[in-house]
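Residues per chain are reported as follows:
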Amino acid sequence: MRLSGNLRSVPINSNSPNIVLRWRDALVPSLTPTAELIVGVAVVLGFVHFFVPAIYYEYAKTRWYRKAWTITIDESYQPRISVVIPTYNEREFIEGKLTNISEEDFPRNLLEVIVVDSASTDNTAALAEAWARDNPNLFVRVISESVRKGKLTALLSAFEALGPLSEVAIVTDVDVRFQKGTIRKAAKYFANSSVGIVTASLAYSSDVPAESIYRDYYNVLRVAESRKHSTPIHSGVFQAIRTRALRTVGVPVFPGSDDSAFASYMAFAGYRSIQVEDIAVKEPMRGSQFSTKLRRAQHVILNFLLTKKYARSKNVYRRTEFDTIWTIESWLVLVNPWILMAALLMVALSLLLGSGEVGIIPLVFGSALLLLKPYRAWMSQQLYLIMGLLRNLITAKEVWTK
Ligand code: GDP
Ligand code: MN
């Protein structure tokens, strides 16, 4: 291509194309090519940050989510169920939780409840035992650990104590209430022997349309991945696990291993690890939102850093379609937040360089979007993932204050 004489007369400066320089010079004379180059890269990075998840979501929704389950679901299937409730200082919730489970429409002779308490100082274990004596129609056992070593350790001792005929262990936090039929609904998925672990969808209290965008993003993606094969992210508020899988492959035991690590590990072992839509559990938010969300982000990050290697080291790893899902989600959790971070830092840098009018455009645009709730939810999640990775360098908590 031949350059016109006019263009050639513009001094060639750094590696910016001349044509850009020309209209820029007319428009905003104070701009330096460095600042605009930095902002340009920042905008590209920002674009990547939002486009990759958006495209993945669209793909998963149209290609996977709308597909029928490839597993048979038998409504009449009734396995033996063990409900596992970990507790630490839960005086306020334990009786209500047991009552809630006793109201389930599931045969009593197929149901056992194991409360595993880690040396609560508020009488939780005694309250559970008293409740069990008053309600002999539900089979409840209380395991009292003498020291508190955290939820994971407590769950491991509960798994050891499952009845010999147990087929499915449902792990559930003490503060969540089941809608009637939850156990029956979970049971049916285990009719298919490939299903290893099932989690509930998240129900949110608010039905503000804006908020449901982010909720749907999360739930639709989890269910879509489940229909394809498995989802690597589960919620411990409700997690049903095939007892035979627990006894053969076990669960990963590393600092920070929890719900999502259980799910991913089972998927690597060749089981389906799924989130279903017909069970929705609402989690009440207690205590500090900040520390809960930071800890959960840390655990999700550790899952993506460690579980695949862990499955390999235990010789349970099998290559399946789950690996693709794992790769994309690893990128979304471990890399994508840092791309956003880099973009923000570059915009800040361009402003610091003092000639950053062009940096103000993405800054104003990005800030204006904060008025939208789903965007705010997204951005705060990115911040938690960034802080979580940094914090993992220091500590991953096994025992947390409440
Ligand atoms: P979060 O929902 O992730 O903030 O965690 P919570 O503090 O609500 O705990 C989830 C469940 O684990 C609740 O039922 C707690 O009582 C229980 N839990 C937390 N820490 C321990 C522990 O050290 N031992 C036992 N047995 N249960 C625990
Ligand atoms: Mn909780």
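Nothing here was measured: the structure is a model prediction, and the numbers come from that model. (Residues numbered from 1 in each chain as written. Chains lettered and ligands numbered in written order. Predicted model: local features only at pLDDT ≥ 70, side-chain atom pairs only at ≥ 80, totals over all residues. Heavy atoms only, no water.)

1. Describing the overall build of the protein chain
Helix and strand content of the protein chain: 14 helices and 7 strands. Within the span of the protein chain, comprising 402 residues, buried residues form 50% of the whole. (Helix = DSSP H or I, 4+ residues; strand = E, 2+ residues; numbered from the N terminus. Buried < 20%, exposed > 50% of the residue type's maximum accessible area, 1.4 Å probe, protein only.)

2. Concerning the pattern of salt bridges
Scanning the entire structure with this criterion turns up 13 salt bridges. Close ionic contact of E90 with R286 constitutes a salt bridge, the shortest N to O distance being 2.9 Å. Here E90, found in the loop between β1 (81-87) and α4 (94-102), pairs with R286, found in the loop between β7 (272-282) and α11 (289-313); they are 196 residues apart in sequence, far enough to count as distant. Among the ionic pairs, D323 bridges to K308, the shortest N-O distance being 2.8 Å. (Salt bridge = Lys/Arg side-chain N within 4 Å of Asp/Glu carboxyl O.)

3. Notes on the sheet that holds β1
Strand order in the open sheet made by the 7 strands is β3-β2-β1-β4-β6-β5-β7, with mixed pairing throughout. Of all strands in the sheet, those bounded by a partner on one side alone are β3 (139-145) and β7. Strand-to-strand, the axes of this sheet are offset by a mean angle of 20°, without reference to chain direction. Pairing between β1 and strand β2 (residues 111-118): 7 bridges, direction parallel. Bridging from a neighbouring strand, T87 pairs with D117 of β2. Sheet strands in contact with α4 are β1, β2 and β3, and its direction is about 170° off that of β1. Here helix α10 (residues 259-268) sits on the sheet and contacts β5 (195-203), β6 (239-242) and β7; the angle it forms with β6, its principal contact strand, is near 35°. (Pairing = 2+ DSSP bridges. Axes fitted to C-alpha atoms, helices over the stretch in contact; angles between N-to-C directions. Contact = heavy atoms within 4.5 Å.)

4. Quick word on the site of ligand 1
Lining the immediate environment of ligand 1, one finds 19 residues, of which P86, E90, S118, R148 and R296 sit closest. Take E90: an N or O atom from its side chain is 2.5 Å from an oxygen atom of ligand 1. Side-chain polar atom of E283 to an oxygen atom of ligand 1: 3.3 Å apart, as the coordinates give it. When ligand 1 is considered free in solution it has 570 Å² of accessible area, and contact with the protein chains removes 95% of it. Sorting the residues of the shell around ligand 1 by element identifies β1, β2, α6 (151-160) and α11 as the ones contributing at least two each. Take the shell around ligand 1: its biggest share by element is 3 residues, from α11. Classifying every residue of the shell around ligand 1 by side-chain character gives 6 nonpolar, 4 polar and 9 charged. (Near = heavy atom within 4 Å. Polar contact = N/O pair within 3.5 Å; in protein donor to acceptor, adjacent residues only side chain to side chain. Areas by Shrake-Rupley, 256 points an atom, 1.4 Å probe, with all protein chains shown as cover. Nonpolar A, V, L, I, M, F, W, Y, C, P; charged D, E, K, R; others polar.)

5. Notes on unusual backbone geometry
Not every positive phi belongs to a glycine, and A119 is a case in point at roughly 55°. If you trace the backbone, A119 turns up in the loop between β2 and α5 (124-134). Here A119 falls in the partly exposed class, since its relative accessible area comes to 29%. Although it is not a glycine, N123 sits at a positive phi angle of roughly 80°.

6. Things to note about the nonpolar core
Counting residues in hydrophobic clusters, the biggest one holds 59 residues, and the most contacted among them are V84, F159, L162, I241, L246, F262 and M266. The leading source of residues in this core is α11, at 8 residues. Beyond its immediate sequence surroundings of up to four residues, M266 is in contact with I197, I241, A245, L246, V249, G250 and Y271. If you look at the next biggest cluster of nonpolar residues, it comprises 41 residues, including V83, A125, V168 and V276. (Core = buried A, V, L, I, M, F, W, Y, C linked by side-chain atoms within 4.5 Å.)

7. Brief notes about the side chain of H229
As for its position among the elements, H229 is in the loop between α8 (209-228) and β6. Note on H229: relative accessible area 8%, which makes it buried. Within the structure, H229 has its side chain in polar contact with the side chain of S230 (distance 2.8 Å). Among all residues touching H229, those that are not within four sequence positions of it are A267, Y271, R272, S273, I274, T320, E321, F322 and I325.

8. Focus on α10
With 10 of 10 residues buried, α10 lies mostly within the body of the structure. Within α10 the residues assigned to the buried category are D259, S260, A261, F262, A263, S264, Y265, M266, A267 and F268. Just past α10, the residue G270 takes up positive phi, approximately 100°.

9. Concerning the pairing of strand β4 (residues 168-171)
Neither face of β4 is exposed, since V168 and I170 on one face and A169 and V171 on the opposite face are all buried. Alignment of β4 against β6, held across 4 bridges, turns out to be antiparallel. The residue bridging A169 from the neighbouring strand is I241, located in β6.

10. Considerations on the packing of helix α12 (residues 322-352) against helix α14 (residues 373-394)
It is the contact of α12 with α14, at a shortest axis distance of 9 Å, that shows an interaxial angle of 110°. Our classification of the angle between α12 and α14 gives roughly perpendicular. Within the contact between the two elements, α12 uses L332, V333, N336, P337, W338, L340 and M341 and α14 uses W378, M379, Q382, L385, I386, L389 and L390. Residues belonging to the contact of α12 with α14 are distributed by class as follows: 12 nonpolar, 2 polar and no charged. (Parallel < 35°, antiparallel > 145°, perpendicular 65-115°, else oblique.)

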